[in-house]
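Report on the structure
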Amino acid sequence: MASKAIFFSFFIVSAVCLSSLAGFAAADADDFDRFQIQGSVYCDTCRVQFVTRLSKFLEGAKVKLECRNRTNGTVTLTKEAVTDKSGSYKMEVTGDHEEEVCELVLVESPDSGCSDVSKEAYLRNAAKISLTANDGIVSHETRIVNPLGFMVKTPSADCAAAFKEIGIVPDVTF
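Keep in mind it's a predicted model, so treat the numbers as computed, not measured.

**Details of the confidence of the model for the protein**
Mean pLDDT over the protein works out to 81, with 73% of the residues at or above the 70 mark. When the elements of the protein are averaged for pLDDT, helix 1 (residues 2–31) gives the smallest value, 48, and strand 2 (residues 56–57) the largest, 98. In the model, residues 20–29 has pLDDT below 50 throughout and makes 0 contacts with residues more than four positions away in sequence or in other chains.

**What to know about the pairing of strand 10 (residues 148–152)**
Burial runs high along strand 10: 5 of the 5 residues are buried. Of the strand pairs in this sheet, strand 1 (residues 34–44) and strand 10 are connected by 4 bridges, and their pairing is parallel. Directly across from Val-41, in strand 10, lies its bridge partner Leu-148. Where strand 7 (residues 114–116) lies against strand 10, 2 bridges are found, and the strand directions are antiparallel. In the sheet register, Asp-116 faces strand 10, and the bridge partner there is Met-151.

**Here we look at the pattern of salt bridges**
The final tally for this structure, using the stated rule, is 8 salt bridges. Here Asp-116 makes a salt bridge to Arg-47, at a shortest N to O gap of 3.1 Å. Of the two residues, Asp-116 is situated in strand 7 and Arg-47 in the loop between strand 1 and strand 2; the sequence distance between them amounts to 69 residues. Two residues, Asp-116 and Lys-153, come together in a salt bridge whose shortest N-O distance is 2.9 Å. Residue Asp-116 is located in strand 7, and its partner Lys-153 is located in the loop between strand 10 and helix 2 (159–165); the two are separated by 37 residues in the primary sequence. Ionic contacts of the salt-bridge type, sharing partners, join the residues Arg-47, Asp-116 and Lys-153 into one network.

**Topic: the nonpolar core**
Ile-37, Val-63, Leu-65, Leu-104 and Leu-131 are the most contacted members of the largest nonpolar core, which has 25 residues in total. The set of elements that each furnish at least two residues to this core consists of strand 1, strand 3 (62–69), strand 4 (75–82), strand 5 (88–94), strand 6 (100–108), strand 8 (126–129) and strand 10. Residue contributions to this core peak at 4 residues, all from strand 1. Beyond its immediate chain neighbours, meaning those up to four positions away, Leu-104 contacts Ile-37, Val-63, Lys-64, Leu-65, Tyr-89, Met-91, Asn-125, Ala-126, Ala-127, Ile-129, Val-145 and Leu-148. Among the nonpolar cores identified, the runner-up in size contains 5 residues, and Leu-54, Cys-159, Ala-162 and Phe-163 belong to it.

**Thoughts on the packing of aromatic side chains**
One pass over the full model with this rule turns up 2 aromatic pairs. Pairing Phe-50 with Phe-163 gives two aromatic rings, centres 6.3 Å apart and planes at 50 degrees, and the pair type is tilted. Residue Phe-50 is found in the loop between strand 1 and strand 2, and its partner Phe-163 is found in helix 2; the two are separated by 113 residues along the sequence. Note on Phe-163: relative accessible area 1%, which makes it buried.

What counts, and where the lines are drawn
- Residues numbered from 1 in each chain as written.
- Predicted model: local features only at pLDDT ≥ 70, side-chain atom pairs only at ≥ 80, totals over all residues.
- Heavy atoms only, no water.
- pLDDT = per-residue confidence, 0-100.
- Helix = DSSP H or I, 4+ residues; strand = E, 2+ residues; numbered from the N terminus.
- Contact = heavy atoms within 4.5 Å.
- Buried < 20%, exposed > 50% of the residue type's maximum accessible area, 1.4 Å probe, protein only.
- Pairing = 2+ DSSP bridges.
- Salt bridge = Lys/Arg side-chain N within 4 Å of Asp/Glu carboxyl O.
- Core = buried A, V, L, I, M, F, W, Y, C linked by side-chain atoms within 4.5 Å.
- Phe/Tyr/Trp six-rings, centres within 6.5 Å; stacked < 30°, edge-to-face > 60°.

Next up, the structure:
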C-alpha cells in the first residue's frame, strides 16, 4: 500500500513538473516572435549620411517600419514611432517576418532646416532589419537599427575641419 502511495505521489509531482516545463517552453516560443526595435534619428549637418561630431539627434522625428512580401512586394506590416529627447525611438513588433523584407524609413523631421532625404536609389536612407528568430542572431528579442539621418540643405562650414580630425578628405568643398 505504501508503494502505491509513493508511486502516486511521484506520478503527481512528475505531471506538475512536466506541465510547468511545457508552459515555460510555450512562453519562450511566444517570445521568439516578439521583437523590440531600437534606433535613433539625427540631423546630418555635413550631408555625408553618417554621424559626425557635428550631427544633432532629433526629438520628435517620425520613422516608419515597413515589411513587404519578398515575391510580390505587397506591404504586410507598417508601424510608426516618434523619437524622444535623445533622438531615440522604440517599437515592439510581434510575428515572424522571415519571408518578408523589413526596413525602417524616415517619415518626418521636426526641423524644417534639416528635412532633406536622399532620393537616389543607391543612397536610400533606410535601415533593413531582420524580424525572425530563425536568423542566427543570439539576442532574438532586441533589434538595434543603424541611425537614420535627415540632411540640411547646405553643409556646415565646420565640416571640413571635422573630417580632417578623423582623417577623411572629402570629394567636395565645404
